[in-house]
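Next come the chains, spelled out residue by residue.
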Amino acid sequence: MANAVLTDFDPSGQGRGLFGVFRHRYLLQLLVRKELKVRYRRSVLGLLWSYVKPAVQFAVYFVAIGMFLGLNETMDNFAVYLFSGIIVMNFFTEAVRNATRSIIDNAALIKKIYLPRELFPVASVYVSAVHFLPQVVVLCVAMPFFGWRWDPTGILMVFIGFVLLLVLSIGLGLLFGALNVIFRDAENFVDLINMVITWSAPVLYTAVLVRDTLGETAFAFYQANPLVVIVELFHRGFWAPTVSHGVELAGQPLAQWLSITAATCIAVFVVGQLVFTKVSKRFAQEL
Amino acid sequence: MSTNTGAVAISAEHVVKRFTLRKTRELKELAVWLLTKRRGVGTESFLASNDVSFEVREGETLALLGFNGSGKSTMLKMISGVLTPDSGRIRTKGRLAGLIEVGAGFHHDLTGRENVYLNGAILGMSEKEIDEKFESIIDFAEIGEFIDTEVKFYSSGMYLRLAFAVAVHTDPDIFLIDEILAVGDEPFQRKCIARIKQFSEMGKTLIVVSHDLDLVSRICDRGIVLQRGVKTFDGQIDEAVSWLRGQA
């Protein structure tokens, strides 16, 4: 008799991965709002900090690298080149760092109430996107003054780049968020990666320099880093249309490198979700 | 109003849960662990649930009884999905909400109003549902004009009353209740108990964990006694309570 009705049963605590997040999107919104509110509580500038920090960072790099090291002289619109790369790296490092901490930070909740746990890393990435988008707006407003010409392909490239960036960040966020519950080393490891990654993509220099220094073979490995191609997609969309001559970016031929990058991002994402699903069964007892 | 002929709402089949006591995870231990071929280190463990099976029918009010460390809270957490059994399985039907440590989803820096929405959403309510029940929640919590104050300025009583008010306004089919009745002063406790009784009259399924045996025998019809993770008694609440008292 009991078995007759077992069809619409849910096994306790079995998530549906990111689909569960989609079903709880109202809660996701509230978590993001909470995060932003808590982060900027009692702060006079509030969300303006998300402009001030990249602005100062930009100024420091512009003076040090653009002026002292002379990239401003040798490159057209180095400012646009620099800023469009910085915002990608800032999004990535912030998203992954906060997603890594997100499970531990929400331990009180995770130990007591069952929710799709993916909500927390996804909320962290979402918060980074809230910081990221105004910076894109600043860039868009500034670009016409640098001689930007209408370029639908470039806009498409930025859009693809952002989607890939999201997939990569959520994947790594899930992976390290879960691992951090078992090994708190994950946090430090992510800080280390973030430090290295800032220099491993062509943000503060051009990819041409890498090829000329390391040769073609090493350059291929260099381009296997998905962030290299993603940053170059942003350069293609924001910087290239402001320059009158042809530009040489990493990730060429584009179709080939775009496929490789997309495959890498998706693979990272799948691994992240699998590890997360496996480890999340132990969250409540390990935290 | 409980009828034991309803459909099955919760089914637990041969549930086993073993906790391994915390291992340290330093390099030193890790090296030992690898060198000893993964034996020896950190194998101290205990069974919080040892092959426990039971079914709960819709509309039943069940108390999980037992002394400290008997595994009743673990069972409740496995039903809610917070913990996962090592083997066996637990299945539930319908929407489930827990009054497990009310206020777990509250954030000190948000106002009462913001916390009502956040906690309501955490407990599975939609925005529209919370909008509709907002007044009723505030009335129940007796918070009044403090609703737009950050909850860190609340007295502990106000805090718990608001958290409890949100929880009882969710509309689940199954209610999991863990030691909630340490909430607030006596009048508020009476109000809470009245509310919980109302739920059982509405035909909701209740599972209550409490050490207050007199209280559970007023709320529940059925009792399961757990001892060191083993189900040792399952039957009428009065019999379960006297059985447990006989063990003391």
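Every value quoted in this text rests on a predicted model; they were computed, and no experiment measured them. (Residues numbered from 1 in each chain as written. Chains lettered and ligands numbered in written order. Predicted model: local features only at pLDDT ≥ 70, side-chain atom pairs only at ≥ 80, totals over all residues.)

Colleague: Give me the lowdown on helix α4 (residues 127–141) of chain B, citing residues and values where you can.
Modeller: Residue and element names in this part refer to chain B. The end-to-end C-alpha separation of α4 is 19 Å, in line with the 21 Å expected for 15 residues at 1.5 Å each. Among the residues of α4, Ile130, Ile137, Phe140 and Ala141 are the ones counted as buried. For α4, the secondary structure elements touched by its buried residues are α3 (112–122) and α5 (156–169). At the exit of α4 stands Glu142, carrying a positive phi of roughly 55°. (Helix = DSSP H or I, 4+ residues; strand = E, 2+ residues; numbered from the N terminus. Expected span 1.5 Å × (residues − 1). Buried ≥ 20, exposed ≤ 12 C-beta atoms within 10 Å, placed from the backbone. Contact = placed C-beta atoms within 7 Å.)

Colleague: Run through the interface of chain A and chain B, naming residues and quoting values.
Modeller: Chain A puts 27 residues into the contact, and the matching count from chain B is 33 residues. Of all the elements in the fold, those that place two or more residues in the side of chain A that touches chain B are β1 (10–11), α2 (25–39), α6 (107–110) and α14 (283–286) of chain A. It is α2 of chain A that contributes the most residues to the side of chain A that touches chain B, six residues altogether.

Colleague: Quick rundown of the environment of Asp212 of chain B? Include the residues and the values.
Modeller: Residue and element names in this part refer to chain B. Summarising the element assignment, Asp212 is placed in the loop between β7 (205–209) and α7 (213–219). Residue classification places Asp212 among the partly exposed positions, given that 14 C-beta atoms sit within 10 Å. Sequence spacing of Asp212 and Glu179 is 33 residues, and the spatial spacing of their C-alpha atoms is 8.5 Å.

Colleague: Mind laying out the confidence of the model for chain B, listing which residues take part and the relevant values?
Modeller: Scored by pLDDT, chain B comes out at a mean of 84, with 90% of its residues at no less than 70. Our summary of model confidence lists the complex with pTM equal to 0.88 and ipTM equal to 0.84. (pLDDT = per-residue confidence, 0-100.)

Colleague: So what's going on with the environment of Phe134 of chain B? Residues and values would help.
Modeller: Residue and element names in this part refer to chain B. Tracing the sequence through the fold places Phe134 in helix α4. Under the C-beta neighbour-count criterion, Phe134 is labelled partly exposed, with 17 such atoms within 10 Å. Sequence separation of Phe134 and Asp51 is 83 residues, and the distance between their C-alpha atoms is 43 Å.

Colleague: Give a description of the nonpolar core that names residues and reports values.
Modeller: One finds Leu64 and Ile207 of chain B to be the most contacted residues of the largest nonpolar core, which totals 140 residues. Among the elements that take part in this core, helix α5 (residues 78–105) of chain A stands out by supplying 15 residues, more than any other. Non-local contacts of Leu64 of chain B, meaning those with residues more than four positions away in its chain, are made with Lys72, Met75, Leu76, Ile207, Val209, Ile224 and Leu226 of chain B. (Core = buried A, V, L, I, M, F, W, Y, C linked by C-beta atoms within 7 Å.)

Colleague: Residues and numbers for the pairing of strand β9 (residues 230–236) of chain B, please.
Modeller: All names here are of chain B. Strand direction decides the pairing type here: strand β8 (residues 222–227) and β9, joined by six bridges, are antiparallel. Bridging from a neighbouring strand, Ile224 pairs with Asp234 of β9. Where β8 hands over to β9, the hairpin turn is made up of two residues, of which Arg228 adopts a positive phi near 45°. (Pairing = 2+ DSSP bridges.)

Colleague: A description of the packing of α5 of chain A against helix α9 (residues 185–200) of chain A should follow, citing residues and the corresponding values.
Modeller: Two quantities define a packed helix pair, namely the angle between the helix axes and the distance between the axes. Residues and elements named next belong to chain A. The interhelical angle for the contact between α5 and α9, taken along N-to-C directions, is 175°, at an axis separation of 10 Å. By the criterion of interaxial angle, the relationship of α5 to α9 is roughly antiparallel. In this structure, α5 uses Met89, Thr93, Val96, Arg97, Thr100 and Arg101 to contact α9, whose residues at the interface are Ala186, Glu187, Val190, Asn194 and Thr198. (Axes fitted to C-alpha atoms, helices over the stretch in contact; angles between N-to-C directions. Parallel < 35°, antiparallel > 145°, perpendicular 65-115°, else oblique.)

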